[in-house]
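Given next are the chains, with one letter for each unit.
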Amino acid sequence: MRLFYVYILKCADGTFYTGITSNLDKRLREHHSGSHKNSYTYKRRPVNLVFYTSFTDVNLAILTEKKLKKWSQAKKIALLNSEFEKLPNLAKKKF
């Protein structure tokens, strides 16, 4: 059974990068080494893996990655801190 990983990296500048891969170890090595010079993380190294989850369904993994990419930094931090009760309120817009 093939697994797909959705992951979040914390970059040296404090920003987060969310990605998807079928080989997490290889992809992390690429981020750390700067293999892709035009990537978001290249100039924001070092990066640290702060979250990942696995899926057997690639379509669900893609949907999850797209959803996480739209989250605010505050909402991602709540996820990383396992403060799941905060997630619904952080999803609401403040008017």
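Some points on the packing of aromatic side chains
If you walk through the whole model with that rule in mind, you get 3 aromatic pairs. For the ring pair Tyr 7 and Tyr 17, a centre distance of 6.2 Å and an interplane angle of 50 degrees mean the geometry is tilted. Pair noted here: Tyr 7 is in strand β1 (residues 4–10) and Tyr 17 is in strand β2 (residues 16–21), with a separation of 10 residues, a long-range link. Tyr 17 carries the same exposure label as Tyr 7, and that label is buried. Following the ring pairs from residue to residue traces out a cluster consisting of Tyr 7, Tyr 17 and Tyr 40. One cation-aromatic arrangement involves Arg 45 over Tyr 42; the distance from NZ or CZ to the ring centre is 4.6 Å. Seen from the ring of Tyr 17, Lys 69 lies directly overhead, with NZ or CZ sitting 5.3 Å from the centre.

Let's talk about the nonpolar core
Residues Phe 4, Val 6, Ile 8, Phe 16, Phe 55, Ala 61, Leu 68, Trp 71, Ala 78, Leu 79 and Leu 87 constitute the largest nonpolar core, which totals 11 residues. Put simply, the parts of the chain that give this core at least two residues each are β1, α2 (58–70) and α3 (73–80). Of all the elements, β1 adds the most residues to this core, at 3 residues. With sequence-adjacent residues up to four places away left out, Ile 8 is seen in contact with Phe 16, Tyr 17, Thr 18, Asn 48, Leu 49, Val 50, Phe 51, Leu 68 and Leu 79. Ranked by size, the runner-up nonpolar core spans 8 residues in total, among them Tyr 5, Tyr 7, Cys 11 and Leu 24.

Observations regarding unusual backbone geometry
The omega torsion across Arg 45 and Pro 46 is 5 degrees, close enough to zero to call that bond cis. Within the secondary structure, Pro 46 sits in the loop between α1 (24–33) and β3 (48–55). Positioned with a positive phi, Ser 82 is a non-glycine residue whose angle comes to about 55 degrees. Along the chain, Ser 82 turns up in the loop between α3 and α4 (87–90).

Criteria and cut-off values
Residues numbered from 1 in each chain as written. Predicted model: local features only at pLDDT ≥ 70, side-chain atom pairs only at ≥ 80, totals over all residues. Heavy atoms only, no water. Phe/Tyr/Trp six-rings, centres within 6.5 Å; stacked < 30°, edge-to-face > 60°. Helix = DSSP H or I, 4+ residues; strand = E, 2+ residues; numbered from the N terminus. Buried < 20%, exposed > 50% of the residue type's maximum accessible area, 1.4 Å probe, protein only. Lys NZ or Arg CZ within 6 Å of the ring centre and 35° of its normal. Core = buried A, V, L, I, M, F, W, Y, C linked by side-chain atoms within 4.5 Å. Contact = heavy atoms within 4.5 Å.

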